[in-house]
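Coordinates in review
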Amino acid sequence: TPSKARIMEAVALVQGQDPMRGIMMLREIVKEEPDNAEAHWQLGLFAVQSGQMDKALERFRKVRELDAAGFPDVWFYLGRTYESMDSTDQAIACLLEYRKMVQDTAITKEVDRILKELKDKQ
């Protein structure tokens, strides 16, 4: 799809020479296609990188609403974002959801470690 190519171009800009231009392109795509889960996903990841957890949370919630099946990692990122905002109950709920979907034992061990830390905080 044309938007897929534009998203890839925007991501390359963000990771390369012109981050702000890439972010603006992604925002433009979201404005034109509010249901474009991939564009919301990329904006969420970049929000995490820049420490804007409230914006990341908003983006990841939108991805979950639009296409959680297409972006199973959204549950992990939601969990970690909630954790960074001291919303331990929501973090645990999201990570438990993610845990159900993961097959890779290395990943499940890491998720279990994070869950144990969170439960110990409660």
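Predicted model only: the values in this text are computed from it and were never measured.

Brief notes about the overall build of the protein
Helix and strand content of the protein: seven helices and zero strands. Beginning at the N terminus, the succession of helices and strands in the protein can be written as α-α-α-α-α-α-α. For the protein, the C-alpha radius of gyration of 15 Å lies close to 14 Å, the compact-globule estimate for 122 residues. Taken over the C-alpha atoms alone, the protein extends approximately 45 × 25 × 25 Å along its principal axes. Buried residues in the protein amount to 42% of all 122 residues. The contacts of the protein with a sequence gap of at least 6 include a subset with a gap of at least 24, amounting to 40%. Looking at the protein as shown, the accessible area adds up to about 7,200 Å², and 51% of this sits on carbon and sulfur atoms.

Observations concerning unusual backbone geometry
We note that aspartate 86 has phi near 60°; this positive angle belongs to a residue other than glycine. By the element assignment, aspartate 86 lies in the loop between helix H5 (74–84) and helix H6 (88–101). Here aspartate 86 falls in the exposed class, since its relative accessible area comes to 66%.

Thoughts on the pattern of salt bridges
Tallying each qualifying case throughout the model produces nine salt bridges. With a shortest N-O distance of 2.9 Å, glutamate 32 and arginine 6 are connected by a salt bridge. One end of the pair, glutamate 32, is in helix H2 (residues 19–32); the other, arginine 6, is in helix H1 (residues 2–15), with 26 residues separating them in the sequence. Residue lysine 100 pairs with glutamate 97 through a salt bridge whose shortest N-O separation is 3.3 Å. Of this pair, lysine 100 and glutamate 97 both sit in helix H6, three residues apart, which is roughly one turn of the helix.

Topic: the environment of glycine 79
Mapped onto the fold, glycine 79 is located in helix H5. A C-alpha to C-alpha distance of 28 Å links glycine 79 and arginine 6, two positions 73 residues apart in sequence.

Regarding the packing of H1 against helix H3 (residues 37–49)
For the pair H1 and H3, the least separation of the axes is 10 Å and the interaxial angle reads 10°. One finds that H1 runs roughly parallel with respect to H3. Of H3, the residues touching H1 (which contributes Lys4, Ile7, Val11, Val14 and Gln15) are Glu38, Ala39, Gln42 and Phe46. Grouping the amino acids of the contact of H1 with H3 by side-chain chemistry returns five nonpolar, two polar and two charged.

How each quantity is defined
- Residues numbered from 1 in each chain as written.
- Predicted model: local features only at pLDDT ≥ 70, side-chain atom pairs only at ≥ 80, totals over all residues.
- Heavy atoms only, no water.
- Helix = DSSP H or I, 4+ residues; strand = E, 2+ residues; numbered from the N terminus.
- Rg over C-alpha atoms; globule rule 2.2 N^0.38 Å.
- Buried < 20%, exposed > 50% of the residue type's maximum accessible area, 1.4 Å probe, protein only.
- Contact = heavy atoms within 4.5 Å.
- Areas by Shrake-Rupley, 256 points an atom, 1.4 Å probe, with all protein chains shown as cover.
- Salt bridge = Lys/Arg side-chain N within 4 Å of Asp/Glu carboxyl O.
- Axes fitted to C-alpha atoms, helices over the stretch in contact; angles between N-to-C directions.
- Parallel < 35°, antiparallel > 145°, perpendicular 65-115°, else oblique.
- Nonpolar A, V, L, I, M, F, W, Y, C, P; charged D, E, K, R; others polar.

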